[in-house]
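For reference, the chains in residue letters:
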Amino acid sequence: MTSPPTRGFVGRHTAAERDPRLPPGQYDARADFPVLSAEVTPELAPADWTLRVDGLVARPRTWTWEQAHELPASGYDGPIHCVTSWSKLTTDFAGISLDTFLAAAGPLPTATHAVAYSHTGYTTNLALADLVDGQAWIAFDFAGDPLTPAHGGPARLLVPHLYFWKSVKWIAGLRLLDHDEPGFWETNGYHHRGDPWAEERYSGD
Ligand SMILES: Nc1nc2c(c(=O)[nH]1)N[C@H]1C(S)=C(S)[C@@H](COP(=O)(O)O)O[C@H]1N2
Ligand SMILES: [Mo]
(Lines give C-alpha, C1' and ligand atoms only; values in the text may rest on other atoms or scores of the structure.)
(Ligands and ions follow the chains in the order given, each with its own letter.)
Protein backbone atom coordinates (compact mmCIF):
# COMPACT_ATOMS: atom_id res chain seq x y z
CA MET A 1 0.00 0.00 0.00
CA THR A 2 1.41 3.38 -0.92
CA SER A 3 1.42 5.84 1.94
CA PRO A 4 -0.99 8.71 1.58
CA PRO A 5 0.68 12.02 0.79
CA THR A 6 -1.37 13.80 3.44
CA ARG A 7 1.34 14.43 6.03
CA GLY A 8 3.87 15.98 3.71
CA PHE A 9 1.16 17.84 1.90
CA VAL A 10 -0.18 19.40 5.10
CA GLY A 11 3.30 20.63 6.02
CA ARG A 12 3.87 22.23 2.64
CA HIS A 13 0.36 23.65 2.57
CA THR A 14 0.80 25.38 5.93
CA ALA A 15 4.03 26.94 4.78
CA ALA A 16 2.47 27.99 1.49
CA GLU A 17 -0.43 29.75 3.25
CA ARG A 18 1.93 32.38 4.59
CA ASP A 19 2.35 34.85 1.78
CA PRO A 20 6.05 35.42 1.11
CA ARG A 21 5.33 39.17 0.92
CA LEU A 22 4.35 39.12 4.62
CA PRO A 23 7.28 39.99 6.95
CA PRO A 24 7.67 38.12 10.27
CA GLY A 25 5.07 38.93 12.91
CA GLN A 26 2.71 40.61 10.42
CA TYR A 27 -0.79 39.62 9.33
CA ASP A 28 -2.64 40.52 6.15
CA ALA A 29 -5.31 43.17 6.84
CA ARG A 30 -6.66 42.55 3.31
CA ALA A 31 -9.41 45.08 2.57
CA ASP A 32 -8.97 46.91 5.89
CA PHE A 33 -6.98 50.13 5.93
CA PRO A 34 -6.75 51.12 9.62
CA VAL A 35 -6.16 54.76 10.51
CA LEU A 36 -3.34 55.45 12.98
CA SER A 37 -2.81 59.08 13.93
CA ALA A 38 -1.16 60.68 16.93
CA GLU A 39 -2.76 64.01 16.06
CA VAL A 40 -6.24 65.25 15.28
CA THR A 41 -6.76 65.05 11.51
CA PRO A 42 -6.07 68.55 10.17
CA GLU A 43 -8.24 70.40 7.68
CA LEU A 44 -5.63 70.98 5.02
CA ALA A 45 -6.86 72.10 1.61
CA PRO A 46 -4.66 71.42 -1.42
CA ALA A 47 -4.34 75.20 -1.86
CA ASP A 48 -2.81 75.40 1.64
CA TRP A 49 -0.47 72.43 1.16
CA THR A 50 3.22 72.98 0.45
CA LEU A 51 6.26 70.73 0.38
CA ARG A 52 9.65 72.07 1.39
CA VAL A 53 13.04 70.40 0.91
CA ASP A 54 15.86 72.20 2.68
CA GLY A 55 18.80 71.69 5.02
CA LEU A 56 21.92 70.28 3.34
CA VAL A 57 20.81 70.91 -0.24
CA ALA A 58 22.19 73.15 -2.97
CA ARG A 59 18.76 74.65 -3.81
CA PRO A 60 16.29 74.80 -0.88
CA ARG A 61 12.80 74.76 -2.40
CA THR A 62 9.12 74.91 -1.63
CA TRP A 63 6.52 73.46 -4.01
CA THR A 64 2.87 74.42 -4.04
CA TRP A 65 0.17 71.87 -4.93
CA GLU A 66 0.09 73.20 -8.51
CA GLN A 67 3.86 73.18 -8.90
CA ALA A 68 4.12 69.64 -7.53
CA HIS A 69 1.48 68.42 -9.97
CA GLU A 70 3.55 69.63 -12.93
CA LEU A 71 6.15 66.98 -12.05
CA PRO A 72 6.09 63.50 -13.64
CA ALA A 73 3.66 61.07 -12.00
CA SER A 74 4.85 57.90 -10.30
CA GLY A 75 2.92 55.29 -8.34
CA TYR A 76 3.31 52.32 -5.99
CA ASP A 77 1.07 49.26 -5.72
CA GLY A 78 3.02 46.95 -3.39
CA PRO A 79 2.83 46.06 0.31
CA ILE A 80 2.77 48.36 3.36
CA HIS A 81 3.53 47.23 6.92
CA CYS A 82 2.40 48.88 10.17
CA VAL A 83 4.47 48.14 13.27
CA THR A 84 1.24 47.28 15.14
CA SER A 85 1.33 44.13 12.93
CA TRP A 86 -1.10 44.75 10.08
CA SER A 87 0.15 44.69 6.52
CA LYS A 88 -1.67 45.39 3.27
CA LEU A 89 -0.15 43.35 0.49
CA THR A 90 -1.73 45.23 -2.38
CA THR A 91 -2.10 48.99 -2.43
CA ASP A 92 -2.52 51.59 -5.16
CA PHE A 93 -0.85 54.90 -4.39
CA ALA A 94 -0.30 57.60 -6.99
CA GLY A 95 1.90 60.64 -6.65
CA ILE A 96 5.43 61.69 -7.49
CA SER A 97 8.72 59.97 -6.81
CA LEU A 98 10.67 61.62 -4.00
CA ASP A 99 13.70 61.34 -6.32
CA THR A 100 12.16 64.10 -8.44
CA PHE A 101 11.97 66.53 -5.50
CA LEU A 102 15.42 65.58 -4.21
CA ALA A 103 17.01 66.00 -7.63
CA ALA A 104 15.56 69.51 -7.88
CA ALA A 105 16.91 70.44 -4.44
CA GLY A 106 20.32 68.82 -4.96
CA PRO A 107 21.44 67.06 -1.77
CA LEU A 108 24.96 68.10 -0.73
CA PRO A 109 27.60 65.33 -0.41
CA THR A 110 27.47 65.81 3.38
CA ALA A 111 23.74 64.95 3.56
CA THR A 112 23.23 61.46 5.06
CA HIS A 113 19.83 61.65 6.80
CA ALA A 114 16.57 63.53 6.75
CA VAL A 115 13.88 64.54 9.16
CA ALA A 116 10.47 64.36 7.49
CA TYR A 117 7.81 66.52 9.15
CA SER A 118 4.11 67.09 8.76
CA HIS A 119 1.94 70.21 8.71
CA THR A 120 0.82 69.05 12.19
CA GLY A 121 4.28 68.75 13.76
CA TYR A 122 4.79 64.95 13.53
CA THR A 123 8.40 64.06 12.70
CA THR A 124 10.36 60.96 11.71
CA ASN A 125 13.98 60.34 10.79
CA LEU A 126 15.15 58.53 7.68
CA ALA A 127 18.53 57.71 6.16
CA LEU A 128 18.88 59.36 2.75
CA ALA A 129 19.76 55.90 1.41
CA ASP A 130 16.17 54.83 2.27
CA LEU A 131 14.63 57.77 0.38
CA VAL A 132 16.33 57.56 -3.02
CA ASP A 133 16.32 55.28 -6.08
CA GLY A 134 12.58 54.70 -6.38
CA GLN A 135 11.97 53.80 -2.72
CA ALA A 136 9.86 56.79 -1.64
CA TRP A 137 6.99 58.91 -2.93
CA ILE A 138 4.88 61.92 -2.16
CA ALA A 139 1.45 60.31 -2.58
CA PHE A 140 -1.77 62.19 -3.43
CA ASP A 141 -4.14 59.37 -4.38
CA PHE A 142 -5.13 55.94 -3.11
CA ALA A 143 -7.13 53.48 -5.22
CA GLY A 144 -7.82 56.16 -7.81
CA ASP A 145 -9.25 58.71 -5.36
CA PRO A 146 -7.61 61.61 -3.53
CA LEU A 147 -6.17 60.48 -0.17
CA THR A 148 -8.77 61.02 2.52
CA PRO A 149 -7.77 63.48 5.27
CA ALA A 150 -7.51 60.62 7.80
CA HIS A 151 -5.01 58.80 5.56
CA GLY A 152 -2.87 61.93 5.15
CA GLY A 153 -4.64 63.84 2.41
CA PRO A 154 -3.95 65.95 0.56
CA ALA A 155 -0.41 64.49 0.55
CA ARG A 156 1.64 61.98 2.51
CA LEU A 157 5.14 60.61 2.38
CA LEU A 158 5.25 56.94 1.35
CA VAL A 159 8.29 54.82 2.24
CA PRO A 160 6.77 51.35 1.92
CA HIS A 161 9.91 49.27 2.53
CA LEU A 162 10.02 50.58 6.13
CA TYR A 163 7.33 50.32 8.83
CA PHE A 164 4.48 52.64 7.99
CA TRP A 165 5.14 55.10 10.83
CA LYS A 166 7.88 56.51 8.53
CA SER A 167 5.22 57.44 5.95
CA VAL A 168 4.37 60.90 7.31
CA LYS A 169 0.77 61.97 6.74
CA TRP A 170 0.09 65.62 5.81
CA ILE A 171 3.73 65.83 4.74
CA ALA A 172 5.16 69.36 4.89
CA GLY A 173 8.82 68.81 4.17
CA LEU A 174 12.15 67.10 4.55
CA ARG A 175 15.22 68.66 6.13
CA LEU A 176 18.48 67.02 5.08
CA LEU A 177 21.10 66.58 7.79
CA ASP A 178 24.61 65.16 8.23
CA HIS A 179 23.46 63.05 11.20
CA ASP A 180 20.49 60.97 12.36
CA GLU A 181 17.95 62.92 14.40
CA PRO A 182 15.22 60.71 15.95
CA GLY A 183 11.63 61.85 15.40
CA PHE A 184 8.36 61.45 17.31
CA TRP A 185 8.13 57.65 17.62
CA GLU A 186 11.89 57.12 17.59
CA THR A 187 12.30 59.26 20.73
CA ASN A 188 9.45 57.21 22.26
CA GLY A 189 11.18 53.84 22.05
CA TYR A 190 10.77 52.89 18.41
CA HIS A 191 13.61 51.80 16.16
CA HIS A 192 15.56 54.45 14.25
CA ARG A 193 15.23 52.62 10.90
CA GLY A 194 12.23 50.27 11.06
CA ASP A 195 12.95 47.53 8.53
CA PRO A 196 9.96 45.12 8.72
CA TRP A 197 12.02 42.19 7.39
CA ALA A 198 14.50 42.59 10.26
CA GLU A 199 11.61 43.30 12.69
CA GLU A 200 13.21 46.58 13.70
CA ARG A 201 10.23 47.59 15.84
CA TYR A 202 11.72 49.03 19.03
CA SER A 203 15.07 50.62 19.87
CA GLY A 204 17.42 47.73 20.56
CA ASP A 205 15.69 45.32 18.14
N1 LIG B 1 1.47 62.99 10.60
C2 LIG B 1 1.39 61.70 10.97
N3 LIG B 1 1.83 60.77 10.12
C4 LIG B 1 1.76 59.47 10.44
C5 LIG B 1 1.25 59.06 11.70
C6 LIG B 1 0.81 60.06 12.59
O7 LIG B 1 0.36 59.81 13.71
N8 LIG B 1 0.88 61.37 12.18
N9 LIG B 1 1.18 57.74 12.04
C10 LIG B 1 2.09 56.85 11.33
C11 LIG B 1 1.75 55.47 11.58
S12 LIG B 1 2.19 54.79 13.07
C13 LIG B 1 1.19 54.70 10.62
S14 LIG B 1 0.94 53.04 10.83
C15 LIG B 1 0.68 55.32 9.38
C16 LIG B 1 -0.80 55.07 9.33
O17 LIG B 1 -1.31 55.56 8.12
P18 LIG B 1 -2.85 55.35 7.88
O19 LIG B 1 -3.56 56.02 9.02
O20 LIG B 1 -3.11 55.97 6.55
O21 LIG B 1 -3.07 53.87 7.89
O22 LIG B 1 0.91 56.71 9.29
C23 LIG B 1 2.11 57.13 9.84
N24 LIG B 1 2.22 58.54 9.57
MO1 LIG C 1 1.94 52.47 12.77
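Before any of the text, the structure's been laid out above.
Residues numbered from 1 in each chain as written. Chains lettered and ligands numbered in written order. Predicted model: local features only at pLDDT ≥ 70, side-chain atom pairs only at ≥ 80, totals over all residues. Heavy atoms only, no water.

**Observations regarding the environment of T100**
1) Next: Within the secondary structure, T100 is located in helix 3 (residues 98–105).
2) Next: Classification of T100 as partly exposed rests on a relative accessible area of 23%.
3) Next: In this structure the C-alpha to C-alpha distance between T100 and Q135, which are 35 residues apart in sequence, comes to 12 Å.
4) Next: Once residues lying within four places of it in the same chain are set aside, the contact partners of T100 are L71 and P72. (Helix = DSSP H or I, 4+ residues; strand = E, 2+ residues; numbered from the N terminus. Buried < 20%, exposed > 50% of the residue type's maximum accessible area, 1.4 Å probe, protein only. Contact = heavy atoms within 4.5 Å.)

**Brief notes about the side chain of H191**
1) Next: Checked against the element boundaries, H191 lands in the segment after strand 13 (171–177).
2) Next: Side-chain polar atoms of H191 contact the backbone nitrogen of R193, separated by 2.9 Å.
3) Next: With residues up to four places along the chain from it excluded, the contact list for H191 reads W165, K166, E186, E200, R201, Y202, S203 and D205. (Polar contact = N/O pair within 3.5 Å; in protein donor to acceptor, adjacent residues only side chain to side chain.)

**Considerations on the packing of aromatic side chains**
1) Next: On inspection of all chains with the given rule, the structure shows 15 aromatic pairs.
2) Next: Centre to centre, the rings of W65 and F140 are 4.9 Å apart; their planes meet at 70°, and the pair counts as edge-to-face. Placement of the pair is W65 in helix 2 (residues 65–69) and F140 in strand 10 (residues 137–142), with a sequence separation of 75 residues.
3) Next: Residue classification places W65 among the partly exposed residues on the basis of a relative accessible area of 23%.
4) Next: On the accessibility criterion, F140 (5% relative accessible area) is buried.
5) Next: Look at Y122 and F184: their rings are 5.8 Å apart centre to centre, the planes differ by 45°, and that puts the pair in the tilted class. Taken together, the residues span a long stretch of sequence, with Y122 in the loop between strand 8 (113–118) and strand 9 (123–127) and F184 in the segment after strand 13 at a distance of 62 residues. (Phe/Tyr/Trp six-rings, centres within 6.5 Å; stacked < 30°, edge-to-face > 60°.)

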